[in-house]
Amino acid sequence: MSEKIDWDPIRALARRVIREGAPLVLDDDVRALLRRTAREVGIGDANAEQALSTDEGALELLRESSRRITDGSNRLMDALHRMYRHQKAGDFDSARQEMRDVLSVEVVPHYREVAEGQLEDLEDEPRK
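Residues numbered from 1 in each chain as written. Predicted model: local features only at pLDDT ≥ 70, side-chain atom pairs only at ≥ 80, totals over all residues. Heavy atoms only, no water.

A few points about the pattern of salt bridges
Note that side chains of opposite charge can pair when their charged atoms are close. For the structure shown, the criterion picks out 12 salt bridges. Put simply, Arg 68 and Glu 64 hold a salt bridge, and the shortest N to O gap is 2.8 Å. Of this pair, Arg 68 and Glu 64 both sit in helix α4 (residues 55–88), 4 residues apart, which is roughly one turn of the helix. One salt bridge connects Glu 116 with Arg 112, and the closest N-O pair in it is separated by 3.8 Å. Of this pair, Glu 116 and Arg 112 both sit in helix α6 (residues 109–122), 4 residues apart, which is roughly one turn of that helix. (Salt bridge = Lys/Arg side-chain N within 4 Å of Asp/Glu carboxyl O. Helix = DSSP H or I, 4+ residues; strand = E, 2+ residues; numbered from the N terminus.)

This is the structure we're talking about:
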């Protein structure tokens, strides 16, 4: 993903709609935000368009996009923390495995890029 990602608007929308119970108003701006975010979190355009064809589908698209952002962030941050601990202890194989584990399940392209970059940086470290 070459463009800068700003998930603050989708987080704010999810907070208002999912947590606070505000209605999801599907105007052009909200539709554009949901489409863009869907792409950024690895949801295909066809699936996003189908979801946006109904109010219920749009709400589910918002939920799924928000979940992928939160879960992916938590998964990556936890794995990075463990990776750094392994590195500090000199266990580079385990450090590499942390990033491989993230890559085995992660669907959000941005988080995958971060994990791939970390794994690539670790390739220069000694192996057992």
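Concerning the packing of helix α2 (residues 28–40) against α4
Contact geometry of α2 with α4 gives a least axis separation of 10 Å together with a crossing angle of 40°. As judged from the angle between their axes, α2 and α4 are oblique. Between α2 and α4 lies a crossing of left-handed hand. Seen from α2, the contacting residues are Leu 34, Thr 37 and Ala 38; seen from α4, they are Ala 58, Leu 61, Leu 62, Ser 65 and Ile 69. Residue composition of the contact of α2 with α4, grouped by class: 6 nonpolar, 2 polar and no charged. (Axes fitted to C-alpha atoms, helices over the stretch in contact; angles between N-to-C directions. Parallel < 35°, antiparallel > 145°, perpendicular 65-115°, else oblique. Left-handed = near helix turned anticlockwise from the far one by under 90°. Contact = heavy atoms within 4.5 Å. Nonpolar A, V, L, I, M, F, W, Y, C, P; charged D, E, K, R; others polar.)

As for the packing of α4 against α6
Interaxial distance between α4 and α6 falls to 10 Å at its minimum, and their mutual angle equals 15°. The angle between α4 and α6 places the two elements in the roughly parallel class. Here the hand of the crossing between α4 and α6 comes out left-handed. Between α4 and α6, the contacting residues are Arg 68, Ile 69, Gly 72, Ser 73, Leu 76, Leu 80, Met 83, Tyr 84 and Gln 87 on the first element and Tyr 111, Val 114, Ala 115, Gln 118 and Leu 122 on the second. By residue class, the composition of the contact of α4 with α6 is 9 nonpolar, 4 polar and 1 charged.

Without other data, these values stay purely geometric and don't point to any function.
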